[in-house]
Amino acid sequence: MIEIDPQQLADRYTAQWNVPDAAERRAAIEQLWAEDGTHILHPPAEIRETAAALGFDHPTLQAQGYNAIETRVTRSYERFVEKQGFTFRARPGAIRLHDVVRIGWEAVSTATGDVVGGGSDMLVLDDNGRIKTDYMFPGS
């Protein structure tokens, strides 16, 4: 496993969600993620409730591979950055244990500078230091 500064990884990870240019966003994804990387999102309460009403006890939202992750990051950018005026930033204190990096992040209003949300991620890295699996927990 190569040496990686966990805070620099956290900064690069959160930065990808803010990139307005599609080509630059794709390049950031390819630099950060393994080709078959998987992003797994702990769904918001309303999605969990809807799924439970349909008989699904443990819904997960998952994107795998560059194209699916690019779609996920792009849609998040469009909704939260472009339309709602937020930016994402890493919280200090990212930590690495073997091939796992725990990071925290915040959503910040660009108009006021107020923190309006956030969460945490557990990033599992491959031998090249790229993200193999990302477990995202918004609201934590």
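Residues numbered from 1 in each chain as written. Predicted model: local features only at pLDDT ≥ 70, side-chain atom pairs only at ≥ 80, totals over all residues. Heavy atoms only, no water.

## So, the overall build of the protein chain
Step number 1: Looking only at helices and strands, one finds 4 helices and 7 strands in the protein chain.
Step number 2: Its helices and strands in sequence order give the protein chain the pattern α-α-β-α-β-α-β-β-β-β-β, from N to C terminus.
Step number 3: The globule rule puts the C-alpha radius of gyration for 140 residues at 14 Å, and the 15 Å found for the protein chain is close to it.
Step number 4: Out of the 140 residues belonging to the protein chain, those deemed buried represent 43%.
Step number 5: Working note: accessible area of the protein chain is about 8000 Å², and carbon and sulfur atoms make up 51% of it.
Step number 6: Taking the 14 positively charged and 21 negatively charged side chains of the protein chain as two groups, their mean positions are separated by 2 Å. (Helix = DSSP H or I, 4+ residues; strand = E, 2+ residues; numbered from the N terminus. Rg over C-alpha atoms; globule rule 2.2 N^0.38 Å. Buried < 20%, exposed > 50% of the residue type's maximum accessible area, 1.4 Å probe, protein only. Areas by Shrake-Rupley, 256 points an atom, 1.4 Å probe, with all protein chains shown as cover. Lys, Arg positive; Asp, Glu negative; His and termini not counted. Charge placed at Lys NZ, Arg CZ, Asp CG, Glu CD.)

## Digging into the packing of helix 2 (residues 22–32) against helix 4 (residues 66–83)
Step number 1: Running from N to C, helix 2 and helix 4 point in directions that differ by 130 degrees, and their axes come no closer than 10 Å. The pairing of helix 2 with helix 4 is recorded here as oblique in orientation. By crossing handedness, the relation of helix 2 to helix 4 is classed as right-handed. Contact with helix 2, carried on its side by Ala22, Arg25, Arg26, Ile29 and Glu30, involves Tyr66, Asn67, Ile69, Glu70, Val73, Thr74 and Tyr77 of helix 4 and no other residues of that element. (Axes fitted to C-alpha atoms, helices over the stretch in contact; angles between N-to-C directions. Parallel < 35°, antiparallel > 145°, perpendicular 65-115°, else oblique. Left-handed = near helix turned anticlockwise from the far one by under 90°. Contact = heavy atoms within 4.5 Å.)

## Considering the packing of aromatic side chains
For any pair of aromatic rings, geometry is given as the distance between the ring centres together with the angle between the planes.
Step number 1: Summed over all chains, the structure comprises 4 aromatic pairs.
Step number 2: Note on Phe88 and Trp105: the rings are 5.8 Å apart at their centroids and 70 degrees apart in plane angle, and the pair reads as edge-to-face. In this pair, Phe88 is assigned in strand 3 (residues 86–90) and Trp105 in strand 5 (residues 100–109), connecting sequence segments 17 residues apart. Accessibility classification places Phe88 together with Trp105 in one group, the buried group.
Step number 3: Grouped by ring-pair contacts, the aromatic residues Tyr13, Trp17 and Trp33 constitute a single cluster. (Phe/Tyr/Trp six-rings, centres within 6.5 Å; stacked < 30°, edge-to-face > 60°.)

## Here's the deal with the packing of helix 1 (residues 6–16) against helix 2
Step number 1: With their axes 9 Å apart at the nearest point, helix 1 and helix 2 run at an angle of 145 degrees to one another. Seen from above, helix 1 lies across helix 2 with left-handed handedness. Judged by residue contacts, Leu9, Arg12, Tyr13 and Gln16 of helix 1 engage Arg25, Ala28, Ile29, Gln31 and Leu32 from helix 2.
Step number 2: Of the residues that constitute the contact of helix 1 with helix 2, the class distribution is 5 nonpolar, 2 polar and 2 charged. (Nonpolar A, V, L, I, M, F, W, Y, C, P; charged D, E, K, R; others polar.)

## A word on the nonpolar core
Step number 1: Within the largest apolar cluster, 26 residues are counted, with the highest numbers of intra-cluster contacts made by Leu9, Tyr13, Trp33, Ile103, Leu123, Leu125 and Ile131.
Step number 2: At the level of elements, helix 1, helix 2, strand 1 (33–41), helix 4, strand 3, strand 5, strand 6 (115–125) and strand 7 (131–138) are the ones that each hand at least two residues to this core.
Step number 3: Element by element, the count of residues in this core is highest for helix 4, at 5 residues.
Step number 4: Setting aside anything within four residues of it in sequence, one finds Ile131 in contact with Tyr13, Leu32, Trp33, Ala34, Gly37, Leu123, Val124 and Leu125. (Core = buried A, V, L, I, M, F, W, Y, C linked by side-chain atoms within 4.5 Å.)

## Things to note about the pattern of salt bridges
Step number 1: Evaluated as defined, the whole model comprises 4 salt bridges.
Step number 2: Where Glu30 meets Arg26, a salt bridge forms, and the shortest distance between an N and an O atom there is 2.7 Å. You can see Glu30 and its partner Arg26 sitting in helix 2, 4 residues apart, about one turn around the helix.
Step number 3: Glu106 is the salt-bridge partner of Arg89, the closest N and O atoms lying 2.8 Å from each other. (Salt bridge = Lys/Arg side-chain N within 4 Å of Asp/Glu carboxyl O.)

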